[in-house]
Amino acid sequence: MKRRIFGLLTAAVIAASAVPGHQCFTAKAAFSADKQEQSNARGWNADRIGTYLLNPEQDGSVSCTWDGIRECYFGNSCFRDDNALNGEIPVSDLTEAVFSYQAELEAEGLCYYGVTGYTTLPLSEFYIIDGWTTWQPPGSNYEPLKTVKIGGATYNIYQTKRESWADLDHSYYPVYWSVRQENTYQAGEKNTLSGTVPLTEHIKAWTELENGLDPDAVFRDLYFVLEAYGLENQTAAGTCSISAPECTLRQKSGKPVAEGGHSREEGLKDLFKPYFLLGAEPAENLFSSQPEYRDVCSKDFDAVTFRNALNPMWTVKDVSGSDAVMDFSGSLLDTDSILSEAERGGHAVCGSALLSDARMIPEMYDCTPEEGIARIESIIRQTFAFLAEKHPDLKLYAYNVCGGLTGQKTDDSWYGAFGEDDGFIVKAYQFARQYAPEGCKLYLCDTLGDRDVFAVAEKIMQAGDYLDGIALSASYQNEFPADELEAKIKRCIALGLDVQITDVAFSKVQDYEAEETGDLWVQFFRLAMQYADHISAVTLAKPIDNPSMNDEISSGLYDCVYANGGSTLKIEPHPCYHDIIQMMQQLPEQKSLTGDATCDGAVDVADAVLILRYAIADAEAKITDQGVKNGDADKNGQTDADDAALVLQYIAKKTTF
């Protein structure tokens, strides 16, 4: 069983040299070995002086008491041995690294706390300090190299160095610090500590330093830490309990690297993963600026759809003959920044919409039909070129190319240029197929005014292979017309088209109460589950309430308010959120059958294919957790190509399980 003693020893050296102006003691890593071997606890008491007691609990929490110590250290990691970080993950590949902690602290004397971890190849340590008692690390001998604002707080960035414990030639390795300017510790009282740390933003600040963090360094561990020191004239004593932290790490592919956190409930996306992608249409300004908002999007949703970020209403600034003059970093809506956050977080993205009656500049619609077609091509070409050039790692899984056509006979709509002829819609899909990246599916929204969406879809299909499916809008007040939505789903199926359900929202007009929508949400998802084989994605319209709006006009799954003087967001689920979870948890359990990756009750070639797609991280491969377990045919703990080969041998009756 692999142990991370290295991390303990380096932490010991850090603590021994971290307090300028005081005697440095030789750390001996004298932690309680039996408890360290059985838990996610980190801890030691230098020279075993004084009273020091470290208690890991079964639920993943850790408590510690200390009194009369010289130096002591303890922490609580997300990563036990059953989900340890054993892979080599360069910090530059981490598009999302979010760490959340909760703790209670009473202390006398010197101590500080925060989040820490280390890298190897090359070796470095890092600290994100949120609070301290009588001494602020890394000490007055160091001047901050820069100041950054991260997650609503301001941090001073430092770089120090430590002597390597493993090198007899006295070599040194760097230590990177983010120290919060506003100390969260309140002296003289029992402190309740909590925080959500967007580690990728701190990594960015450290890598940008001169001689900063090496982007190729291998990320190894992450945990909440408290370090305490006893001085000759100052007693150190205290107690601290740390709940099991929560952590999510993702690489550029969007695939989770590791998910720690032993009290974290399963996200909505995990419940629906076997059936379809669960997406959110977030408020772009909150998504790009608020880590707490992005945390909910990451936990509960596979994908995001931006209604405004790529909308020509905001990106088209002028026209020049047959060309649209476009700007994707405008002052009103910074598309580039919004997409950068999605890219860093590994979010799958659905674009919406390239062709609509959005209120673009009036000059756009003042054209001949030929000029109009050329301008539509210009918009589509430039949008996909921008994405390819500026956001090459963005996972653009789909695009709702056309929607929001009112069909009104006005000069400020495409009707003014084309009249009742739908040919320009067909041309838009031809252009989209030409310029869209490989693997990006194209959908037609059913918000086409007086036009029959299914008739338009047939025209596009008759022109060629330009359409993958239809996006059905499902935003309702006071009721859920299930028969109406079901009829639309059946028509899509009859055309052989995939289904996305978008803009899903339920609200109550007058005397709105969030819990009253619970039955509507449950009815909707029951219908979606009935047709899950034909539905690729369900996207909820702004599922997180806007903190600037009144509850009476909310239609989300989460309550959201500004907290800590407006510096952070507090987001809590409404009762309807739990209603959805309860409904999903009541579904019949899938039975285990070795080799049955599809969970259809049989072992055949489809299972081998699905196992292979899973092994190569095919983002579109739909496989449940039970399917992954069933697919591990050789029972070695991994579902890979060897299992696919074994399944094929089983089908050919060359072997048995």
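Residues numbered from 1 in each chain as written. Predicted model: local features only at pLDDT ≥ 70, side-chain atom pairs only at ≥ 80, totals over all residues. Heavy atoms only, no water.

1. Section: the pattern of salt bridges
And then number 1: Under the criterion given, the structure shown has 15 salt bridges.
And then number 2: Here Asp503 and Arg307 are joined by a salt bridge, their closest N and O atoms 2.3 Å apart. Residue Asp503 is located in strand β25 (residues 498–507), and its partner Arg307 is located in the loop between β18 (303–306) and α7 (312–315); the two are separated by 196 residues in the primary sequence.
And then number 3: For Asp503, a relative accessible area of 15% gives the class buried.
And then number 4: For Lys490, the salt bridge goes to Glu486, with nearest N and O atoms at 4.0 Å. Note that Lys490 and Glu486 are positioned in helix α13 (residues 482–494) at a spacing of 4 residues, about one turn of the helix.
And then number 5: On the accessibility criterion, Lys490 (47% relative accessible area) is partly exposed.
And then number 6: Three or more residues joined by partner-sharing salt bridges are found here, namely Glu281, Arg307, Asp503 and Lys542. (Salt bridge = Lys/Arg side-chain N within 4 Å of Asp/Glu carboxyl O. Helix = DSSP H or I, 4+ residues; strand = E, 2+ residues; numbered from the N terminus. Buried < 20%, exposed > 50% of the residue type's maximum accessible area, 1.4 Å probe, protein only.)

2. Side note on the sheet that holds strand β26 (residues 535–541)
And then number 1: The sheet built from 8 strands closes into a barrel, its strands ordered β17-β18-β21-β22-β23-β24-β25-β26 with parallel pairing. Going from strand to strand, the sheet's axes swing by 30° on average, the running direction of each strand aside.
And then number 2: In the sheet, β18 pairs with strand β21 (residues 348–355) via 4 bridges, with the strands oriented parallel. Considered in β21, the bridge of Thr305 is made with Cys350.
And then number 3: Relative to β25, helix α14 (residues 518–530) is tilted by about 175°, and along the sheet it contacts β17 (277–281), β24 (469–477), β25 and β26. (Pairing = 2+ DSSP bridges. Axes fitted to C-alpha atoms, helices over the stretch in contact; angles between N-to-C directions. Contact = heavy atoms within 4.5 Å.)

3. Digging into the pairing of strand β8 (residues 124–132)
Side-chain direction in a regular strand flips from residue to residue, so the side chains alternate between the two faces of the sheet.
And then number 1: Across the 9 residues of β8, 9 count as buried, placing the element largely inside the fold.
And then number 2: Of the strand pairs in this sheet, strand β7 (residues 110–120) and β8 are connected by 8 bridges, and their pairing is antiparallel. By the bridge assignment for β8, Tyr118 is matched with Glu125.
And then number 3: Between β7 and β8, which pair antiparallel in sequence order, lie 3 residues; one of them, Leu121, sits at a positive phi of approximately 55°.
And then number 4: Where β8 lies against strand β11 (residues 172–180), 5 bridges are found, and the strand directions are parallel. Each bridged residue has a counterpart across the sheet, and for Phe126 the counterpart in β11 is Tyr176.

4. Regarding a nonpolar patch on the surface
And then number 1: Where nonpolar side chains cluster on the molecular surface, the patch consists of Val605, Val609, Leu648, Tyr650, Ile651 and Phe657 and spans about 490 Å² of accessible area.
And then number 2: When residues of the nonpolar patch are traced back to their parent elements, those giving at least two are α16 (605–615) and α18 (641–651).
And then number 3: Examining the composition of the nonpolar patch, we find that 3 residues originate from one element, α18, more than from any other.
And then number 4: If you trace the backbone, Ile651 turns up in helix α18.
And then number 5: Overall, Ile651 belongs to the partly exposed group, its relative accessible area being 33%. (Patch = residues over 30% accessible without salt bridge, like charges linked within 9 Å, V, L, I, M, F, W, Y side chains within 5 Å. Areas by Shrake-Rupley, 256 points an atom, 1.4 Å probe, with all protein chains shown as cover.)

5. Regarding the pairing of strand β3 (residues 62–67)
And then number 1: Burial along β3 is one-sided: the residues Val62, Cys64 and Trp66 are buried and none of Ser63, Thr65 and Asp67 is.
And then number 2: Pairing geometry for strand β2 (residues 51–56) and β3, over 6 bridges, is antiparallel. By the bridge assignment for β3, Asn55 is matched with Ser63.
And then number 3: Hairpin geometry of β2 and β3 is characterised by an intervening segment of 5 residues between the two adjacent antiparallel strands and by a positive phi of about 95° at Gly60.

6. A closer look at the side chain of Asn156
And then number 1: Residue placement: Asn156 occurs in strand β10 (residues 153–163).
And then number 2: Residue Asn156 is classed as buried on the basis of its relative accessible area, which comes to 10%.
And then number 3: Here the side chain of Asn156 touches Gln181 through a polar contact of 3.0 Å, side chain to side chain. (Polar contact = N/O pair within 3.5 Å; in protein donor to acceptor, adjacent residues only side chain to side chain.)

7. Thoughts on the environment of Thr539
And then number 1: Checked against the element boundaries, Thr539 lands in strand β26.
And then number 2: Put simply, Thr539 and Ala505 are 34 residues apart on the chain and 9.3 Å apart in space, counted from C-alpha to C-alpha.
And then number 3: Once residues within four sequence positions are removed from consideration, Thr539 is found in contact with Gly279, Ala280, Glu281, Thr305, Ile501, Thr502, Asp503 and Val504.

8. Some points on the packing of α14 against helix α15 (residues 575–585)
For any two helices packed against each other, the geometry comes down to the angle between their axes and how far apart the axes lie.
And then number 1: Remark: α14 packs on α15, axes separated minimally by 9 Å, with the N-to-C direction vectors making an angle of 35°. Between α14 and α15 the crossing geometry is right-handed. On α15, the residues that touch Gly518, Trp521, Val522, Phe525, Arg526 and Met529 of α14 are Cys576, Asp579, Ile580, Met583 and Met584.
And then number 2: By residue class, the composition of the contact of α14 with α15 is 8 nonpolar, 1 polar and 2 charged. (Left-handed = near helix turned anticlockwise from the far one by under 90°. Nonpolar A, V, L, I, M, F, W, Y, C, P; charged D, E, K, R; others polar.)

9. Section: the packing of aromatic side chains
And then number 1: Under the defined criterion, the tally for this structure stands at 28 aromatic pairs.
And then number 2: Across the ring face of Tyr172, the terminal group of Lys161 is positioned such that the distance to the ring centre comes to 5.1 Å. (Phe/Tyr/Trp six-rings, centres within 6.5 Å; stacked < 30°, edge-to-face > 60°. Lys NZ or Arg CZ within 6 Å of the ring centre and 35° of its normal.)

10. What about the confidence of the model for the protein chain?
And then number 1: Taken as a whole, the protein chain shows an average pLDDT of 80; of its residues, 83% reach a score of 70 or greater.
And then number 2: Here residues 1–38 is a poorly scored stretch, pLDDT under 50, and it has 87 contacts once near neighbours within four places are set aside; other chains count.
And then number 3: Every residue in residues 261–265 is under pLDDT 50, and counting partners more than four places away or in other chains gives 22 contacts. (pLDDT = per-residue confidence, 0-100.)

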